[in-house]
Amino acid sequence: MSSWIPLAITMGYIVVALIIGINARRGRVMDSLEEWGVAGRSMGPVTLYLLIAAGSISAYTFMGAPGWAYSKGVAVFYVVIYLSYLALVAWYCGPKVWAFGQRFGHVTQGAAIADRYQSPLLGGLAALVMSIGSLAYAVLQTIGSAYILSVMSGGEIPVWVGVIVVLGAIAIYLYISGQRAIGLTNAFQGILMLGVAWAVGLWATHEATGEIGFAGVFERLASERPEFLTLPGAGGDIGFAFWTTSIIVSMFSFMPPVWSQWMSARSASTIRRSATWLPTYYIVVLPMVVVGFIGILALPALSRADTVALTYALEHMPSWLVGLLGAGTLAAAMSSCEPFLHSIAMAYARDVAQPLFRLSDATTGRLARRLLVPIMALIVAPVAIAEPSNLVMILLVGLGFATQVLPAFIGMFLWTRASTPGVLVGILSGFCVTLALTLIWPNPMGVHAGFWGLMVNLPLFVGISLMTSPVRDDVVERFFAISAPGRSLG
Amino acid sequence: MKHFVVHPRSRRGWCLALAFALLISAGIWPVVAAFNRAELWFGLPPLAVLTYAIVTGCWLTMLIANRLLRRSDSDV
């Protein structure tokens with residue numbers, strides 16, 4: 001194989017993303033949160049569709065998902081199911097979040113929480129703790145990006161250089177064009193990923209079976225390794241309880257970037273139209289998962305399951321396709337990393353610094369933009385270069401916490417009586433339980449730690465809300481005029 | 001003050017809520033147990049078939065819901 005071709009294609013992808021991201025600004029002034037943070041609430045249905053779709057398809061789809069298929073089997077399909085359910089959540093909640101933002105001026109999730117519960121403390125606390133999971137997620141995607149550059153260069157580009165190259169590119173276009181850069185680069189990355197996943201999946205299938213369809217792959221597995229076709233999977237660790245609770249926990253994780261994406265829409269109906277078509281994008285997972293299944297028989301002795309797609313490509317595919325796989329995987333990692341970095345900068349400026357230092361909106365807008373580089377240079381880059389072994393654990397705890405914020409959203413969309421102490425106690429108790437059942441006694445009885453957290457969180461939230469004073473009527477009326485039009489507290 | 005839990009207020013709304021609930025039930029236990037077989041349907045494992053049936057179901061349900069919303073003229 002010509003060793004420079006895969007690296008040239010992968011680097012070429014970075015250059016194209018950089019050009020698209022920088023040009024997304026189109027002469028607009030980016031010093032307000034309204035413009036830099038939510039693109040002036042201007043995104044149309046196609047851009048929004050690709051923005052949300054590419055944002056939710058991370059490096060996991062190109063590395064982790066084939067790895068899960070390789071090591072566990074059909075259990076990997078739970079990801080496709082929860083992503084489809086997230087589209088249902090976006091269809092129901094997205095238009096309401098957009099209307100909150102447009103009428104009350106929210107640009108972050110923390111601002112909406114602080115407003116609904118009349119508590120900057122609760123908004124800031126939610127933003128800070130959400131940022132732990134967001135940072136861990138951004139670091140993981142950065143490590144994945146650097147790993148891809150290292151593989152594509154045959155080991156010539158060390159991880160620290162890869163981290164600087166990837167974060168440098170993201171920093172430039174994100175600083176210049178904000179959410180508009182995320183929208184346009186994600187659109188490009190989304191189309192690239194879809195094409196690459198199907199090209200790689202079909203090529204690998206043809207290479208392994210001589211056919212274009214996937215049936216031959218599964219027929220061989222059914223006769224030689226049938227344990228990969230059912231739960232609890234080849235490792236015996238993904239039972240019905242873990243499958244079910246993982247889906248429930250994941251579909252109720254309202255991560256901050258998703259909130260910003262909804263607020264960036266041109267209208268409420270734009271979100272509905274995008275959400276409606278979102279499940280169609282998730283067929284992108286199928287061909288990459290098939291590569292993992294092919295690896296079970298073709299690469300039986302891999303030490304790292306998540307390298308199965310790349311290893312198979314390097315051994316069986318032409319260099320141009322290996323390069324496209326590198327570009328597609330890098331696109332997946334970058335398209336997921338940049339919305340998290342952007343939302344962290346906004347949350348620190350708007351939900352923490354603004355109430356703490358009583359900053360004006362204009363100063364807060366400028367601060368958010370300028371916080372981006374320190375967050376990358378002082379937190380994400382050093383941690384990514386250090387490649388900590390317990391990062392996945394931090395991420396799992398962070399995502400587990402994201403689900404524990406559910407009471408705050410129930411009080412926005414479904415239940416008028418939710419009180420500030422009820423939400424606070426629910427979140428804190430759920431977080432402690434999730435933390436303990438992730439670190440000390442992982443997933444007891446095969447049930448996801450975040451689900452155990454919700455089992456404690458939700459009853460406490462309801463009980464304490466009923467025992468304490470609700471939020472002021474005028475605030476509740478204001479929110480539920482959007483969440484339940486035509487009904488009032490009277 | 002009279003507080004409330006938000007729920008559908010029309011037959012159309014209840015039908016949509018039921019469709020959403022059925023879709024979510026289809027992806028979790030016990031329904032998923034019925035598809036947990038080491039055999040192939042249309043060349044795919046039954047769990048993969050169920051997965052893409054759910055993907056299609058979510059898409060179609062939201063398409064229908066959008067039409068119903070347009071007809072009832074209530075956005076947001």
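This brings us to the nonpolar core. Membership of the largest hydrophobic core comes to 184 residues, with the highest contact counts inside it found for Phe77, Trp259, Phe293 and Leu341 of chain A. Split by domain, the residues of this core number at least three in each of domain 1 (4-389) and domain 2 (405-490) of chain A.

A word on the interface of chain A and chain B. Contacts between the two partners involve 56 residues from chain A and, on the opposite side, 40 residues from chain B. When the two sides are added together, the surface that chain A and chain B hide from each other amounts to roughly 4300 Å², 72% of it contributed by carbon and sulfur. Three residues, Leu88, Trp91 and Arg487 of chain A, lead the burial of chain A against chain B; their summed loss comes to 16% of the area buried on that side. Here chain A and chain B share 0 salt bridges between them. Linking chain A with chain B are 12 residue pairs in polar contact (both at pLDDT 80 or more), by the criterion used here. Looking at the side of chain A that touches chain B, the elements that each hand over two or more residues are helix H5 (78-104), helix H9 (215-224), helix H10 (240-251), helix H12 (268-281), helix H13 (285-298) and helix H21 (473-483) of chain A. A breakdown of the residues in the side of chain A that touches chain B according to their chemical character gives 39 nonpolar, 11 polar and 6 charged.

At the junction of Leu231 of chain A and Pro232 of chain A, the peptide bond is cis and its omega measures out at 10° in the coordinates. Mapped onto the elements of the fold, Pro232 of chain A is located in the loop between H9 and H10. Each neighbour pair has its own omega, and for Trp29 of chain B with Pro30 of chain B the value is 10°, a cis peptide bond. Examined against the element boundaries, Pro30 of chain B turns out to sit in the loop between helix H1 (11-26) and helix H2 (31-34). Phi is positive for Arg26 of chain A, close to 45°, though the residue is something other than glycine. Following the sequence through the fold, Arg26 of chain A ends up in the loop between helix H1 (4-23) and helix H2 (33-37). Of note, the phi angle at Gln118 of chain A is positive, near 50°, even though the residue is not glycine. With respect to the secondary-structure elements, Gln118 of chain A resides in the loop between helix H6 (109-116) and helix H7 (120-152).

Here we take up the confidence of the model for chain B. On average, residues of chain B carry a pLDDT of 90, and 91% of them reach 70 or more. Within chain B, no element has a lower average pLDDT than helix H3 (residues 46-72) of chain B, which sits at 92, and none a higher one than H2 of chain B, at 96.

The next thing to look at is the environment of Ala449 of chain A. Residue and element names in this part refer to chain A. Along the chain, Ala449 falls in helix H20 (residues 449-467). Expressed as a C-alpha distance, the spacing of Ala449 and Val433, which sit 16 residues apart in the sequence, is 7.6 Å. Setting aside residues no more than four positions away along its own chain, Ala449 makes contact with Thr434, Leu437, Thr438 and Asn443.

All names here are of chain A. End to end, H1 covers 28 Å across 20 residues, agreeing with the expected 28 Å (1.5 Å per residue, within 8%). All buried positions along H1 are accounted for by Pro6, Thr10, Tyr13, Ile14, Ala17 and Gly21. End-on view of H1: buried residues confined to an arc of 95°, all on one side of the axis. Elements in contact with the buried residues of H1: H7, helix H8 (159-209) and helix H15 (319-357).

Time to look at the domain arrangement of chain A. Residues and elements named next belong to chain A. Under the domain assignment used here, chain A contains domain 1 (4-389) and domain 2 (405-490). If you average the C-alpha positions of domain 1 and of domain 2, the two centres end up 27 Å apart. In this assembly, 30 residues from domain 1 lie in contact with 35 residues from domain 2. The largest per-residue losses of area from domain 1 upon contact with domain 2 belong to Phe100, Arg116 and Tyr117, which jointly make up 27% of the total buried on that side. Summed over the shared surface of domain 1 and domain 2, the number is 1 salt bridge. Between Asp115 and Arg478 there is a salt bridge, with the nearest N and O atoms lying 2.8 Å from each other. The tally of links from domain 1 across to domain 2 stands at 9 residue pairs in polar contact (both at pLDDT 80 or more). Looking at the side of domain 1 that touches domain 2, the elements with two or more residues in it are H5, H6, H7 and H10.

Now for a nonpolar patch on the surface. Nonpolar side chains collect at one region of the surface, where Val425, Met455, Val456 and Leu460 of chain A lie side by side and expose about 270 Å² of accessible area between them. Along the polypeptide, Val425 of chain A turns up in helix H19 (residues 420-439).

On to the pattern of salt bridges, then. Residues and elements named next belong to chain A. Scanning all chains against the criterion turns up 11 salt bridges over all chains. For Arg220, the salt bridge is made with Glu224, and the minimal N-O distance between the two is 3.2 Å. Placement of both Arg220 and Glu224 in helix H9 is noted, with a separation of 4 residues, approximately one turn of the helix. Assessed through its relative accessible area of 41%, Arg220 is described here as partly exposed. Linking Asp306 and Arg304 is a salt bridge whose minimum nitrogen-to-oxygen distance equals 3.2 Å. Residue Asp306 is classed as partly exposed on the basis of its relative accessible area of 28%. According to the relative accessible area criterion, Arg304 is partly exposed, its value standing at 42%.

This part covers helix H11 (residues 256-263) of chain A. Among the 8 residues that make up H11 of chain A, 7 are buried, leaving the element largely enclosed by the rest of the structure. Among the residues of H11 of chain A, Pro256, Pro257, Trp259, Ser260, Gln261, Trp262 and Met263 of chain A are the ones counted as buried.

Bringing the environment of Ile22 of chain A into the picture now. Residue and element names in this part refer to chain A. Mapping Ile22 onto the fold places it in helix H1. Classification of Ile22 as partly exposed rests on a relative accessible area of 33%. Residues Ile22 and Gly162, 140 residues apart in the sequence, show an inter-C-alpha distance of 20 Å.

Residue and element names in this part refer to chain A. With the rule as written, the count across this model stands at 26 aromatic pairs over all chains. Between Tyr78 and Tyr82, the aromatic rings sit 5.8 Å apart at their centres with planes inclined by 35°, giving tilted as the arrangement. Residue Tyr78 and its partner Tyr82 are located together in helix H5, separated by 4 residues, close to a single helical turn. We note that Tyr78, like Tyr82, is buried. With a centroid separation of 6.4 Å and an interplanar angle of 25°, the aromatic rings of Phe254 and Phe413 are classed as stacked.

Calculation criteria
Residues numbered from 1 in each chain as written. Chains lettered and ligands numbered in written order. Predicted model: local features only at pLDDT ≥ 70, side-chain atom pairs only at ≥ 80, totals over all residues. Heavy atoms only, no water. Core = buried A, V, L, I, M, F, W, Y, C linked by side-chain atoms within 4.5 Å. Buried < 20%, exposed > 50% of the residue type's maximum accessible area, 1.4 Å probe, protein only. Domains from an automatic or database assignment. Contact = heavy atoms within 4.5 Å. Buried area = accessible area lost by both parts, 1.4 Å probe. Salt bridge = Lys/Arg side-chain N within 4 Å of Asp/Glu carboxyl O. Polar contact = N/O pair within 3.5 Å; in protein donor to acceptor, adjacent residues only side chain to side chain. Helix = DSSP H or I, 4+ residues; strand = E, 2+ residues; numbered from the N terminus. Nonpolar A, V, L, I, M, F, W, Y, C, P; charged D, E, K, R; others polar. pLDDT = per-residue confidence, 0-100. Expected span 1.5 Å × (residues − 1). Arc of directions from axis to C-beta. Patch = residues over 30% accessible without salt bridge, like charges linked within 9 Å, V, L, I, M, F, W, Y side chains within 5 Å. Areas by Shrake-Rupley, 256 points an atom, 1.4 Å probe, with all protein chains shown as cover. Phe/Tyr/Trp six-rings, centres within 6.5 Å; stacked < 30°, edge-to-face > 60°.

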